[in-house]
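If you want the building blocks of each chain, they are given just below.
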Amino acid sequence: MANFNKVILAGNLTRDPELRYTPKGTAVAKIGMALNRSWKTETGETKEEVTFVDVDAFGRQAEVIGQYLKKGRPVLIEGRLKLDTWEDKNTHQKMSKLKVVLESFSFLDSRGDGGGGGGGESFRKAAPAAAAPAAAANGPEEMGEPPSDDDVPF
């Protein structure tokens, strides 16, 4: 059976990006997004719901996000779903959270405050074909893969 894991979301940042670096120097940005949906009921009443999604970005994209995106900015992201699981230190219960690992993003507005370019400016991971053999020798982090949980500083 074939598998497909792709997410495309457009929404507003709920907080300023949290940018940190792994011990190996890889940038990691955590952002929160709010996705609004509104519709009309059969009676004509307008309803609205908000979905909150956590997104992790790595490498150069994380640095760009940390530099240009701020709370409230609209952004379009493409990525994949990832389920994080851990054991709570206090209750020793197994916990889990579904989040998105960013693969590319675009600014959806153009601000005149130096805040990151025009509408639709897009940022994708670039992996030159010639660098692939050398990157494979350096491990998954060098190939644009996110670092292991042990390397993430939060």
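Residues numbered from 1 in each chain as written. Predicted model: local features only at pLDDT ≥ 70, side-chain atom pairs only at ≥ 80, totals over all residues. Heavy atoms only, no water.

Re the overall build of the protein
When you go through the protein residue by residue, the secondary structure sums to two helices and seven strands. Its helices and strands taken in sequence order, the protein reads β-β-β-β-α-β-β-β-α from the N to the C terminus. By residue count, 32% of the 154 residues in the protein fall in the buried class. Of all intrachain contacts in the protein linking residues separated by at least 6 positions in sequence, the fraction that spans at least 24 positions is 55%. If you sum the accessible surface of the protein, you get close to 9900 Å²; carbon and sulfur atoms cover 51% of it. (Helix = DSSP H or I, 4+ residues; strand = E, 2+ residues; numbered from the N terminus. Buried < 20%, exposed > 50% of the residue type's maximum accessible area, 1.4 Å probe, protein only. Contact = heavy atoms within 4.5 Å. Areas by Shrake-Rupley, 256 points an atom, 1.4 Å probe, with all protein chains shown as cover.)

Focus: a nonpolar patch on the surface
Where nonpolar side chains cluster on the molecular surface, the patch consists of Leu-81, Leu-83 and Leu-98 and spans about 290 Å² of accessible area. Relative to the helices and strands, Leu-83 resides in strand β5 (residues 74-87). (Patch = residues over 30% accessible without salt bridge, like charges linked within 9 Å, V, L, I, M, F, W, Y side chains within 5 Å. Salt bridge = Lys/Arg side-chain N within 4 Å of Asp/Glu carboxyl O.)

Some remarks on the confidence of the model for the protein
In this model, the protein carries a mean pLDDT of 82, and residues with pLDDT of at least 70 account for 71%. Highest mean pLDDT in the protein belongs to strand β1 (residues 7-13) (97); lowest belongs to helix α2 (residues 132-138) (37). A low-confidence stretch, residues 114-120 stays under pLDDT 50, and its non-local contacts, those more than four residues away or across chains, total 19 contacts. (pLDDT = per-residue confidence, 0-100.)

Regarding the environment of Gly-11
Here Gly-11 lies in strand β1. With 61 residues separating them along the chain, Gly-11 and Gly-72 place their C-alpha atoms 9.0 Å apart. Residues in contact with Gly-11, not counting those within four places in the same chain, are Met-33, Ala-34, Leu-35, Arg-73, Pro-74 and Val-75.

Here's the deal with the nonpolar core
Core analysis: the biggest nonpolar cluster contains 21 residues, and Leu-9, Val-55, Ile-65, Ile-77 and Phe-105 have the highest contact counts within it. If you list the elements that add at least two residues to this core, you get β1, β3 (27-40), β4 (46-58), α1 (60-68), β5 and β6 (94-107). In terms of residue count, the dominant contributor to this core is β3 (five residues). With residues up to four places along the chain from it excluded, the contact list for Ile-65 reads Pro-17, Ala-29, Ile-31, Ala-57, Leu-102 and Phe-105. (Core = buried A, V, L, I, M, F, W, Y, C linked by side-chain atoms within 4.5 Å.)

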